[in-house]
Amino acid sequence: MDLLEHQGKELFASFGLPISPGALALTPTEAVAAAERIGCPVVVKAQVHTGGRGKAGGIRLAEDLEAVSRCAEKILGLDIKGHVVRRLWVEAATDIAAEFYVSFMLDRGTRRHLGMLSAQGGVDIEDVSANSPEAISRIQIDPSDGFAADDARNWVTSAGLPGADVSEAVEVLLALYRAYREGDADLIEVNPLVLTTDGRLQVLDAKVTLDSSARFRHPEYDAYDKTAPRDAREQQAHSRGLQYVGLEGNVGVIANGAGLAMASVDMVSDVGGSAANFLDIGGGANAEVMSAALEVLNDDPSVRAIFINIFGGITKGEEVANGIIEAMRRVDIASPIVVRLDGTNSAEGWNILRPRLSDRLELAPDMLAAARLAVGRAGGVQADSPAGAGSGALEEGAR
Ligand code: GDP
Ligand code: MN
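Everything numeric in this text was worked out from a predicted model, so none of it was measured.

(A) Structural detail: the pattern of salt bridges. Under the definition given, this model contains 18 salt bridges. For the salt bridge of Glu91 with Lys9, the shortest nitrogen-to-oxygen distance reads 2.8 Å. Of the two residues, Glu91 sits in strand β6 (residues 88–92) while Lys9 sits in helix α1 (residues 5–13), which places them 82 residues apart along the sequence. Of the two residues examined, Glu91 and Lys9, each falls in the buried class. Linking Arg240 and Glu295 is a salt bridge whose minimum nitrogen-to-oxygen distance equals 2.3 Å. Of this pair, Arg240 sits in the loop between α8 (232–239) and β13 (243–246) while Glu295 sits in helix α10 (residues 287–298), and the two are 55 residues apart along the sequence. Given a relative accessible area of 34%, Arg240 falls into the partly exposed group. In this structure Glu295 comes out as partly exposed when scored by relative accessible area, which is 27%. If you follow the salt bridges from partner to partner, you end up with Glu5, Lys9, Lys45, Arg53, Glu91 and Asp205 in one network.

Encoded structure:
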């Protein structure tokens, strides 16, 4: 879950990091009122879930209240990479001597935390990484060892932050690491961390991605949810109580159990297709749940075929079969459906489905056959899949 800049800064402030005083504003009038309390000059900043706001005109310096009003009017409603600005963060302007970069993120490959620190901040770190990789000082932190003051000191020395007080930088890095760990973040990025003209360090931007699985120990996550942008499909699925993750492909997947759902997604790509989603309907495969699942996939224009993969345990085959038929009666399904039905009472289920079979509803003897059939019905092997490395034009044609 991604935070807005001001939410990230509030998190940072609770760990004692140096943040400029600021306030939220939803209208130019509120922005002016905020600036009046804070004192000009201020910076008016678009609060959207994307970076590059500065370049897009979403960050403006205002010397007086009139300018605040003008800036707020310009920024509100601005479209920044598809994100329309609805809220502003107004904060005391900082006199900048130098801009640095610092981040912590989870590095799944090495099973460690990766820290990156650079004296070249304020610009895209990808550019720095591409043009002068030596300008970024990286450290790996083993979570069981932790991150000590000496580690931070060596790191600051190797990055060389000209003009910064080393002890102060060490304090900032330690606090940032604490915010990252105790806040249960997957990513924390400060770009820029600035050196002010009077020689202090100040956190000027905040990009924070939280680990949603840590929600149970963070009541504050609920408030972040309200501003989080959601994939429309995911929103629809979650409101129906389905475990759903949107993907890029064209084969809709419905399975019972997260393990089977993941295996289904994998199998679709193994046979050269690509899944449009992960969808776990859980234990029950009754008409209610099946209709909800099919409706979600039906509303996804990229879905070309639907692969229903059910292994009955407690769920009985005939219930699944009846659920599918009832769901098809309720919902006008646009894509052909391929069913794999195995497990408890699967024979009974097959008997129910058999008379209803057509080119809109097909049964496959096993999971692999079902995946193949569904991928075929969806238009065949995808050009970008490992099993179908063809030309891009072919893929265009297939769609
Ligand atoms: P981003 O473009 O979305 O990354 O937004 P940032 O918050 O990083 O702001 C972009 C740039 O605006 C920074 O790199 C700074 O150069 C500038 N900026 C932001 N806040 C201030 C400020 O208080 N004073 C001054 N002078 N510049 C600022
Ligand atoms: Mn930034």
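Following the structure, the description resumes.
(B) Structural context of the coordination of the manganese ion (ligand 2). Bound to the manganese ion (ligand 2) are the protein donor atoms Asn191 (O) and Asp205 (OD), situated 2.2 Å from the metal. With a gap of 14 residues between them, Asn191 in strand β10 (residues 185–196) and Asp205 in the loop between β11 (201–203) and β12 (207–210) connect regions that are remote in the sequence. For Asn191, a relative accessible area of 16% puts it in the buried group.

(C) Summary view of the state of the cysteines. Per the stated rule, a full pass over the model turns up zero disulfides. Of all cysteine sulfurs in the structure, the one in Cys71 sits closest to Cys40, which takes part in no disulfide; the separation is 9.8 Å. Residue classification places Cys40 among the partly exposed positions, given a relative accessible area of 33%.

(D) Fine view of the sheet that holds strand β1 (residues 22–25). Overall, antiparallel pairing links the four strands, which are arranged β1-β6-β2-β3 in an open sheet. Of all the strands in the sheet, just β1 and β3 (59–62) have a single pairing partner and so form its edges. Strand-to-strand, the axes of this sheet are offset by a mean angle of 20°, without reference to chain direction. Sheet strands touched by helix α2 (residues 28–38): β1, β2 (42–46) and β6. Its angle to β6, the strand with the most contacts, is close to 20°.

(E) Focus on the layout of surface pockets. Reported here for the largest pocket is a volume of approximately 1100 Å³. Lining the largest pocket are 43 residues, with Gly52, Arg53, Asn191, Pro192 and Asp205 positioned closest to its centre. Within the lining of the largest pocket, the residues separate by chemical class into 19 nonpolar, ten polar and 14 charged. Here the lining of the largest pocket gathers at least three residues from each of two domains, domain 1 (21–92) and domain 2 (96–223).

(F) Representation of the packing of aromatic side chains in the model. Summed over the entire model, instances satisfying the criterion amount to eight aromatic pairs. Centroid distance Phe104 to Phe147: 5.8 Å. Interplanar angle 70°. Geometry classified as edge-to-face. Within this pair, whereas Phe104 is found in strand β7 (residues 96–107), its partner Phe147 is found in the loop between β9 (136–141) and α5 (149–159), the two being separated by 43 residues in sequence. Comparing Phe104 with Phe147, the two get one shared label, buried. Judged by centre distance (5.9 Å) and plane angle (85°), the rings of Phe147 and Trp155 are edge-to-face. Here Trp155 falls in the buried class, since its relative accessible area comes to 1%. Three or more aromatic residues joined by ring pairs form one cluster here, namely Phe104, Phe147, Trp155, Tyr177 and Tyr180.

Each value, and the rule that gives it
- Residues numbered from 1 in each chain as written.
- Chains lettered and ligands numbered in written order.
- Predicted model: local features only at pLDDT ≥ 70, side-chain atom pairs only at ≥ 80, totals over all residues.
- Heavy atoms only, no water.
- Salt bridge = Lys/Arg side-chain N within 4 Å of Asp/Glu carboxyl O.
- Helix = DSSP H or I, 4+ residues; strand = E, 2+ residues; numbered from the N terminus.
- Buried < 20%, exposed > 50% of the residue type's maximum accessible area, 1.4 Å probe, protein only.
- Donors = N, O, S within 2.8 Å, 3.2 Å for Na, K, Ca; no water.
- Disulfide = S-S within 2.5 Å.
- Pairing = 2+ DSSP bridges.
- Axes fitted to C-alpha atoms, helices over the stretch in contact; angles between N-to-C directions.
- Contact = heavy atoms within 4.5 Å.
- 1 Å grid on protein atoms, 1.4 Å probe; cavity = no way out; pocket = protein on both sides within 12 Å on 5 of 7 lines; lining within 4 Å.
- Points joined across faces, edges and corners; volume = space filled by probe spheres on them.
- Nonpolar A, V, L, I, M, F, W, Y, C, P; charged D, E, K, R; others polar.
- Domains from an automatic or database assignment.
- Phe/Tyr/Trp six-rings, centres within 6.5 Å; stacked < 30°, edge-to-face > 60°.

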